Amino acid sequence: MVRTRTLTFALALFTIAAFAQGQTPELDALNGLYAGTVKFKIDRDRQLVIDQFDAKGLFRQDIVPIEFIDPASMHISTEEDAMILGCISTQAQCFNKEIFKLNTIRRTGRCDLPRPAADPSGEAFMQAMRDLIDAEKQRMAAAGETRQGTSRMK
């Protein structure tokens, strides 16, 4: 009986924490395009976390303050067969890119993502990313949040 209550309470807290950390319709739209090969979430510091998976599991993670992504820089690179996200001009290297097999974290000015299988043209991806950026900026403004410097670099 006590175990059941404890388990129920823990599950409820986990569910609330997961929702509080940014499961929004905009994130659902992005995650739906990739069907698990790339996952998007907003962390407790209001940063976009992009996890990329291959057959072995998580191989790369990019983290960026959502308001540092430049919507005008989003494009498809046909040479790389990738979706490219860039930083706003005042934040030249806004992405923290962790490559797990190399055990490194690098700062970079762009993030390259595979084209979503469900969206070969990339148009749905770019619209979903613009929607996410706009919605998160509005949420931050409504909450009166300002960016505080955070970094995984040590």
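Structural data are supplied above this passage.
Everything quoted here is computed from the prediction, not taken from an experiment.

Our focus in this paragraph is the state of the cysteines. For the structure shown, the criterion picks out one disulfide. A sulfur-sulfur distance of 2.2 Å marks the disulfide that ties Cys-87 to Cys-94. Between Cys-87 and Cys-94 the disulfide shows an S-S torsion of about -95°. By sign, it is left-handed. The two residues Cys-87 and Cys-94 agree in class, both being buried. In this model Cys-111 remains outside any disulfide bridge; the closest cysteine sulfur is found in Cys-94, 9.3 Å from its own.

Turning to the sheet that holds strand E8 (residues 110-114), a few remarks are in order. On the basis of which strands lie adjacent, the open sheet formed by three strands has the order E4-E5-E8 and antiparallel pairing. The open sheet terminates on both sides in strands that have one partner only, identified here as strand E4 (69-77) and E8. This sheet shows a mean twist of 20° between the axes of neighbouring strands, independent of strand direction. Bridge analysis of E4 against strand E5 (residues 82-87) gives five bridges, and the strand direction is antiparallel. The partner of His-75 across the bridge, within E5, is Ile-84. Of the strands in this sheet, E4, E5 and E8 are in contact with helix H3 (residues 123-143), which crosses E4 at around 170°.

When you line up the elements, Ser-73 lands in strand E4. Beyond its immediate chain neighbours, meaning those up to four positions away, Ser-73 contacts Ile-84, Leu-85, Gly-86 and Cys-87.

Below, the discussion takes up the pairing of strand E3 (residues 57-65). As defined by bridge partners, strand E2 (residues 47-54) adjoins E3 across eight bridges and the pair is classed as antiparallel. Among the inter-strand pairings, Phe-53 is bridged to a residue of E3, identified as Leu-58. Between the end of E2 and the start of E3, which pair antiparallel, lie two residues. Where E3 meets strand E6 (residues 95-99), four bridges bridge the pair, whose relative direction is antiparallel. From the neighbouring strand, Gln-61 faces E6, where its bridge partner is Glu-98.

Conventions adopted
- Residues numbered from 1 in each chain as written.
- Predicted model: local features only at pLDDT ≥ 70, side-chain atom pairs only at ≥ 80, totals over all residues.
- Heavy atoms only, no water.
- Disulfide = S-S within 2.5 Å.
- Buried < 20%, exposed > 50% of the residue type's maximum accessible area, 1.4 Å probe, protein only.
- Pairing = 2+ DSSP bridges.
- Helix = DSSP H or I, 4+ residues; strand = E, 2+ residues; numbered from the N terminus.
- Axes fitted to C-alpha atoms, helices over the stretch in contact; angles between N-to-C directions.
- Contact = heavy atoms within 4.5 Å.

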